[in-house]
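Residue-level structural notes
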Amino acid sequence: MAGPSHPHAMAPSRPGKTRTAPPQMPASWWSHPRIRTYLLFDATGIVYLLLGLVALRVVWAIGSGPDVWDATMASLKSPVYVAFHVLGLAAVIFVGVRFFRFFPKSQPPRIGPAKPPPQPVILALLYVAWIGLTLLFAAILAGGIF
Amino acid sequence: MREFLLRIEPVIWLLFGQGLLIGTMLLTGWILIVGIAVPLGLVAPEALAFDRVQVLASNVLGRLVLAALVVLPLWKGAHHMRHLSIDFRGAERDVVVAPVVYSIAAIGSLAGILAVVRL
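Notes on the structure follow. (Residues numbered from 1 in each chain as written. Chains lettered and ligands numbered in written order. Predicted model: local features only at pLDDT ≥ 70, side-chain atom pairs only at ≥ 80, totals over all residues.)

Quick look at the nonpolar core
Residues A:Ala55, A:Val59, B:Trp30, B:Val34, B:Val70, B:Trp75 and B:Ala78 are the most contacted members of the largest nonpolar core, which totals 51 residues. Those elements that place two or more of their residues in this core are helix H1 (33–63), helix H3 (79–102) and helix H4 (119–141) of chain A together with helix H1 (2–37), helix H3 (60–87) and helix H4 (94–117) of chain B. Element by element, the count of residues in this core is highest for H1(A), at 12 residues. Inspection of this core shows a minimum of three residues originating in each of domain 1 (32–106) and domain 2 (110–146) of chain A. Sequence-distant contacts of A:Val59, that is, excluding residues within four places in its chain, are made with B:Leu66, B:Val70, B:Gly112, B:Ala115 and B:Val116. (Core = buried A, V, L, I, M, F, W, Y, C linked by C-beta atoms within 7 Å. Buried ≥ 20, exposed ≤ 12 C-beta atoms within 10 Å, placed from the backbone. Helix = DSSP H or I, 4+ residues; strand = E, 2+ residues; numbered from the N terminus. Domains from an automatic or database assignment. Contact = placed C-beta atoms within 7 Å.)

Considering the interface of chain A and chain B
Taken residue by residue, the interface counts 48 residues in chain A and 55 residues in chain B. Among the elements of the structure, H1, helix H2 (66–75), H3 and H4 of chain A are those that each provide at least two residues to the side of chain A that touches chain B. A total of 18 residues in the side of chain A that touches chain B trace back to one element, the largest contributor, which is H1(A). Split by residue class, the side of chain A that touches chain B holds 35 nonpolar, 10 polar and 3 charged. (Nonpolar A, V, L, I, M, F, W, Y, C, P; charged D, E, K, R; others polar.)

Following this line, the structure appears as structure tokens:
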């Protein structure tokens, strides 16, 4: 078995004759709607990181006993937390809509012997999974089931 | 460091991609109930009473879901923040930014796994 491939294995041994500028964002990025949307998609990363840290705090509180848990739940009522979670919901829906639209296009033509289903089918399945999982998870958390 | 970052890229991308896919799917219901509905009183707070939450969270499936809920969004966030930095003329400072954001995600992930183990 061959060793791990070198990260620069695909780079040409010497620079080509054609001069190419290093890829960089134009200074007028704010006037390009497509670049703005792209950057907004990247910027949701800040929200996701914070959502992950808040989830860590909540999950940690379960293991710390009823008193810590009640205090944590009470702190989530602060307007700052509620506003952050509304922003978080907007970010998550934006990411879902945009990423699931790209997901079918990024599939390889074949996965081993299998061919992935047509792109509209993949997209529909993603939405079924997203909405279904959200309803199920929300129903469990809200006390509807279990 | 640049070479190291390239070498770990596939692992980062796996976690980042699952953060986009599974993280988004789990966070939607989580935020709706834990972040918004219960704090605003739209859902009775007894739904998230300690005893009920303890039972729900501490079985195997509950632990796995909560671990994914903490870990995957951290990597989605870290990788996107790194690329936001690169896009704003940050190719030079990437050797500092990438280790910082990935370290936050890695430490948070270990804490998240510990959090579900100690339930």
